[in-house]
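# Chains, contacts and geometry: an overview
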Amino acid sequence: MTDFISLPFYDLLQEDGHVPRVREKLPPLVAGVRRSILEIGAGTGLITTSLAQWTPAEIFALEPSTGMRGVLLSRLSERAELLKRVTVLPCDALSVDLDEPVEAMVMINVMYALEPGYRKRLWPVLAGQLEPGGLLVFTWRDGGAPAPRPLQEDGSRQVGRHTYTALSEIVESSGEVCKARYLYRISEGDKVISEEEFVGHAYRPVRETIEEELVGAGFVLADAPEGFLSWRLARD
């Protein structure tokens, strides 16, 4: 799985990125969930805590990154009521094994990290952990991989005297896969204090590919707002 994330930048930039849109559009999709939710790729818990506000469900927050889990657990420690309702799972999604099927599954900004072979193996695993008729919902960007482009700024935040800036470029692109380079820079005025670079592959399958994979794993397409895909596990 691909990971382009610099942990110190994550919360700073995501609150100005996809998180506000998710908080606007996701609540109606999970409004009927009462018993349990599996959140795959919970990250630092920005959406985990929102899920706990929107539903009374028990939440299983799966996050394989040690650094991300550390922030997630710190966030939960500030909310005593959530420590009893959120279970943090340190495993990979292919290894998830819950005591009973959950009512809903949520994946926010995860698809880009799932290489095709991994993704195809994942859907049957998730189907086995979801109750019949249960919900699978994830953020979605259609159109295949983006075309190559030069380095550009993705976002910037000021923290005291320092500026935290994220930049990215698409080095090459073919089909659903692209090679991307991310640069995370901390600066003070014109002085660069530190830079951290990540290079790897990201994935953006077209909708027809995802539909074929999920239908093959027993899912049925449901209604969802722009920027999401929603599925239900078929009932026997």
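Structure: see above.
Conventions we followed
- Residues numbered from 1 in each chain as written.
- Predicted model: local features only at pLDDT ≥ 70, side-chain atom pairs only at ≥ 80, totals over all residues.
- Heavy atoms only, no water.
- Pairing = 2+ DSSP bridges.
- Helix = DSSP H or I, 4+ residues; strand = E, 2+ residues; numbered from the N terminus.
- Axes fitted to C-alpha atoms, helices over the stretch in contact; angles between N-to-C directions.
- Contact = heavy atoms within 4.5 Å.
- Buried < 20%, exposed > 50% of the residue type's maximum accessible area, 1.4 Å probe, protein only.
- Arc of directions from axis to C-beta.

Spatially, the 7 strands line up as an open sheet ordered β3-β2-β1-β4-β5-β11-β10, and their pairing is mixed. Every interior strand has two partners, whereas the edge strands, β3 (86–89) and β10 (219–222), have only one. Each strand of the sheet is rotated relative to its neighbour by a mean of 20°, with strand direction disregarded. Here strand β1 (residues 36–40) runs beside strand β2 (residues 58–62); their pairing, made up of 5 bridges, is parallel. Each bridged residue has a counterpart across the sheet, and for Leu38 the counterpart in β2 is Phe60. Seen against the sheet, helix α5 (residues 66–77) touches β2 and β3 and runs at an angle of roughly 170° to β3. On top of the sheet, helix α8 (residues 207–216) reaches β5 (130–139), β10 and β11 (228–233); it is set at about 15° to β11, its chief contact.

Turning next to helix α1 (residues 7–14). Taken together, the buried positions of α1 are occupied by Phe9, Tyr10, Leu13 and Gln14. Along α1, the residues classed as buried sweep out an arc of 120° about the axis, all on the same side. Tucked into the core, α1 has its buried residues touching α2 (19–25), α5, β6 (149–159), β7 (162–174) and β8 (177–188).

Nothing here speaks to function; it is geometry throughout.
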